[in-house]
Amino acid sequence: MNLLWLRVALALYSLGLLHAVLTVFRRRQRLFRIALGAISLGVVFHLVALVEDGLALGHFPVTSLQEAASLFAFLIACAFLLVYWRYQFHSISVFIFPLVFVLTLTAAMDRSTHYWELPLLRTAWLYLHVSLIILGYTAFFLTFVAGVMYLIQERELKSKKPRAFYYRLPPLDTIDDLAYKSLAVGFPFITLGIITGAFWANAVWGPSWPIDPKISWSFVTWLIYLLLLFTRWTAGWRGRKAAYFAIAGFAATLVTWGTNSGLHSFVSP
Amino acid sequence: MNFCLVGLSHKTAPVEVRERLAIADEELSGALRTVAALPGICEVFILSTCNRVEIFTRAESDGGEVGPILTQFLARTHHRDLSEITPYLYQYQQRDAIRHIFRVAASLDSMVLGEPQILGQVKAAYAVAHATGTLGGALEEVLSRSFAVAKRIRTETGIAASAVSISYAAVELAKKIFGSLEGKNVLLIGAGKMSELAAKHLLHSGASSIFVTNRSPERAQELALLLKGRAIRFEQLFDYAGQSDIIISSTGAPHYIIKKEDGRRLLAGRKNRPMFFIDIAVPRNIDPEINKLDNLFLYDIDDLQHVVDANRKERMREAQQGEEMARQEVEKLLRRLKTLDVVPTIIDLQSHLDEIRRQEIARLRSELGDLTPRQEEAIEALTKGMVNKIVHSPINHLKNLAQQSDGLKVVETVRRIFNLKD
């Protein structure tokens, strides 16, 4: 497995990480222009790495934890660029780049053997299921980060004693908008991800699936997000309440993911 | 290069002294000419604002006499005794003088750190000096560099970023809550001077409409007219409060006009879209408890003052970075000015051409075969003579032109034409 391009991307992302760290200490920096260039270039190299991976494996590279981490990191880095392009603020890198870096680092380590060698499970549904879920996770991660940023900025404003973050974080309304939009994007992905998961299970086992705690958790998570989206639409839930809910939702997402460390119980070795 | 700067500012002199030593705009040209005529002075720049007077010169040589000469000039033009004004003056030489003018232009030395007017004043003073013809050499280079340095410090640090007046602080807070103020409605309760100012700033920043209400309808009418807003009756207050995103209250009422319950009702009526209350009345008009409601933010006059104080501190922190930049820029400029000196340029030019001469001889030496020592000498003399004749006129011109205004440009052009390295 050739990991060269992925490692180049990792090196470029490390500039993004440096920018994230410096953001905490300094308000404006010349480094940002360089970091932005490095991140954009990193994303391009990352894409090359993903395509190369896919060609070498002969399928969409989402069938091992490392491959999934790589895709997830790629999508989050893209999300950063998208947020910057849409809202013109970059302090979100403080929350994003540590994760992008760790995920890419994990992916760029020497690859272990594949987990999912069970030919039984290798259907097109698998690729679709995992990709959709990762897309959904990316969006929900943004919702979560926006929730955290909202709570920090709201506290700064309510306390009336502006400190470092007050100056660096964007306006509340911008954060809330980001939270809402990322939620609205993430929800259909997760829903489709769950549906394709059901089709996948159906294709493999027929009507009687194995019992799996991950499936139960994923329904809990889905319900939380459904509720959040619904109350935002109808009851005008926003601000702090919505932020707490987004954080709870992401915690549930983590539990769902963490159950059987990323895999369903029936595919674990 | 001998730079010398003599001046006084709000840091060294009280306003009574500053006003006595200021140089009025219409006298500036004359003052520039007078200083330029003083012995040894090549270039002059004078900056006189309400907060400072600075006389910045470049002299042919400086054995420590330029500073006193400038001080005497200042005393003489204002008919003061030397001893009377010296305690208020500061004096900087060379790199310290350059750094000082960089700091002044970047507003690092201003009373309100980061205020934007000073750069404009420096530019205007530069224009006068330029028009009067007292610039044209290294000092001009220093000044035009100071504009770029000031711009760099303003954009790359936060010294000018956050509001340091109450009414601007209110606008900035509104922006931190709403992002853009586009399409936001403002309601003024009470028609005080301060709320008028805040409302003007809000409108300027994009707020779309203003309602004004007051106990006396005439005053409300008046202010509404001024702000191109709409006056409403005091009893209708709550009908309009729900449509307003920003509410500024400044009435003389002795009790709370808006209570927590009102806040809750207003929010429910607008689906929790955020509201920003500014209470600049004393005694306060809005129940402070209201700030505990979600999506509602209340700032009273003290809170705004705290924000202003915090912003000042933030500017001071950012200023440290600015000071560092100013120091670096001075070193950069000094290095550059050094290469633009005439003498090193002449030496560079000679050695450059001599280098070419020697390379060419070395290249062709083998073609010439055996030569007698006399022939060798003849070749040396021939080539050297050519080089000397070629550089003779450029060197003469360099020596003469460099003394005149725009001399730096000539030196720079020569360096570029002959590709002399910096």
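Residues numbered from 1 in each chain as written. Chains lettered and ligands numbered in written order. Predicted model: local features only at pLDDT ≥ 70, side-chain atom pairs only at ≥ 80, totals over all residues. Heavy atoms only, no water.

Student: Please explain the overall build of chain B as it appears in this structure.
Tutor: In terms of regular secondary structure, chain B is built from 16 helices and ten strands. In terms of C-alpha radius of gyration, chain B reaches 33 Å, well past the compact-globule figure of 22 Å for 422 residues. The buried share among the 422 residues of chain B stands at 50%. Considering only contacts within chain B whose residues lie at least 6 apart along the sequence, 71% involve residues at least 24 apart. (Helix = DSSP H or I, 4+ residues; strand = E, 2+ residues; numbered from the N terminus. Rg over C-alpha atoms; globule rule 2.2 N^0.38 Å. Buried < 20%, exposed > 50% of the residue type's maximum accessible area, 1.4 Å probe, protein only. Contact = heavy atoms within 4.5 Å.)

Student: What's the story with the domain arrangement of chain B in this structure? I'm lost.
Tutor: How big an interface is tends to be stated in terms of the accessible area lost upon association of its parts. Parsing chain B into structural domains produces domain 1 (2–156), domain 2 (166–308) and domain 3 (340–417). Distance from the C-alpha centre of domain 1 of chain B to the C-alpha centre of domain 2 of chain B: 46 Å. (Domains from an automatic or database assignment.)

Student: Is there a simple way to think about the domain arrangement of chain A in this case?
Tutor: Residue and element names in this part refer to chain A. Taken domain by domain, chain A holds domain 1 (1–114) and domain 2 (120–269). The distance between the C-alpha centroids of domain 1 and domain 2 comes to 20 Å. With 25 residues of domain 1 at the interface, the matching set in domain 2 holds 26 residues. Carbon and sulfur atoms supply 78% of the area that domain 1 and domain 2 bury against each other, a total of about 2300 Å² over both sides. Taken together, the links from domain 1 to domain 2 amount to zero salt bridges. Seen at the junction of domain 1 and domain 2, the total is two residue pairs in polar contact (both at pLDDT 80 or more). Within the residue set of the side of domain 1 that touches domain 2, elements represented by two or more residues are α1 (4–25), α3 (65–87) and α4 (93–108). Among the elements that take part in the side of domain 1 that touches domain 2, α3 stands out by supplying ten residues, more than any other. (Buried area = accessible area lost by both parts, 1.4 Å probe. Salt bridge = Lys/Arg side-chain N within 4 Å of Asp/Glu carboxyl O. Polar contact = N/O pair within 3.5 Å; in protein donor to acceptor, adjacent residues only side chain to side chain.)

Student: Please clarify how the packing of aromatic side chains should be interpreted in this entry.
Tutor: Here a ring pair, both rings aromatic, is described through the centre-centre distance and the interplanar angle of the planes. Counted by the stated rule, this structure contains 17 aromatic pairs over all chains. Seen in terms of ring centroids, A:Trp237 and A:Phe245 are 5.5 Å apart; in terms of plane orientation they differ by 80°. Their pairing is edge-to-face. By relative accessible area, A:Trp237 is classed as partly exposed at 23%. Among the residues examined, A:Phe245 registers a relative accessible area of 22% and is labelled partly exposed. On the basis of an interplanar angle of 90° and a centroid distance of 5.3 Å, the ring pair of B:Tyr126 and B:Phe147 is categorised as edge-to-face. Of this pair, B:Tyr126 sits in helix α6 (residues 117–132) while B:Phe147 sits in helix α7 (residues 138–156), and the two are 21 residues apart along the sequence. Look at B:Phe147 and you get buried, because its relative accessible area is 14%. Ring-pair connections join several aromatic residues into one group, and the members of that group are A:Tyr13, A:Phe80 and A:Phe97. (Phe/Tyr/Trp six-rings, centres within 6.5 Å; stacked < 30°, edge-to-face > 60°.)

Student: It is not clear to me how the pattern of salt bridges should be interpreted in this structure. Could you clarify?
Tutor: Close approach of charged atoms lets side chains of opposite charge pair. Residue and element names in this part refer to chain B. According to the stated counting rule, one finds 41 salt bridges over all chains in the structure shown. With a shortest N-O distance of 3.0 Å, Arg145 and Glu329 are connected by a salt bridge. Taken as a pair, Arg145 in helix α7 and Glu329 in helix α13 (residues 301–339) lie far apart in primary sequence, 184 residues in all. With its nearest N and O atoms 4.0 Å apart, the salt bridge here joins Glu380 to Lys384. Taken as a pair, Glu380 and Lys384 lie in helix α15 (residues 373–401) at a separation of four residues, close to a single helical turn. Under the relative-accessibility criterion, Lys384 is labelled partly exposed at 41%. Several salt bridges share partner residues, and in doing so they unite Lys11, Arg52, Glu54, Arg99, Arg103, Asp109 and Glu323 into one network.

Student: Can you walk me through the interface of chain B and chain A in this structure?
Tutor: The partner chain A presents 27 residues to the 36 residues of chain B that form the contact. Taking both sides of the interface into account, the surface hidden between chain B and chain A amounts to around 2600 Å²; carbon and sulfur atoms contribute 45%. The largest share of the area that chain B buries against chain A comes from B:Lys176, B:Asp294 and B:Phe297, three residues that together contribute 24% of it. Counting every contact that joins chain B to chain A gives two salt bridges. For the salt bridge of B:Asp294 with A:Arg240, the shortest nitrogen-to-oxygen distance reads 2.8 Å. At the junction of chain B with chain A, the criterion picks out 15 residue pairs in polar contact (both at pLDDT 80 or more). Elements supplying a minimum of two residues to the side of chain B that touches chain A: α7, α8 (166–178), β10 (296–300) and α13 of chain B. Counting residues per element, the side of chain B that touches chain A draws most heavily on α13(B), which supplies eight residues. Within the side of chain B that touches chain A, the residues separate by chemical class into twelve nonpolar, eleven polar and 13 charged. (Nonpolar A, V, L, I, M, F, W, Y, C, P; charged D, E, K, R; others polar.)

Student: How should the nonpolar core be read in this particular structure?
Tutor: Counting 98 residues, the largest nonpolar core has A:Ile92, A:Ile96, B:Leu188, B:Leu202, B:Ile246, B:Ile248 and B:Phe276 as its most contacted members. By residue number, the principal contributor to this core is helix α5 (residues 124–159) of chain A, which donates 15 residues. In terms of nonpolar packing, the next biggest core, distinct from the first, is built from 76 residues, B:Val6, B:Tyr90, B:Ala129 and B:Leu408 among them. (Core = buried A, V, L, I, M, F, W, Y, C linked by side-chain atoms within 4.5 Å.)

Student: Before we go on, may I ask you to explain the confidence of the model for chain A in this structure?
Tutor: A low pLDDT score tells you not to read the predicted coordinates there in detail. Per-chain confidence: chain A averages 84 in pLDDT, with 89% of residues scoring 70 or above. Put simply, helix α6 (residues 164–168) of chain A is where chain A has its lowest mean pLDDT, 80, and α5(A) is where it has its highest, 91. (pLDDT = per-residue confidence, 0-100.)

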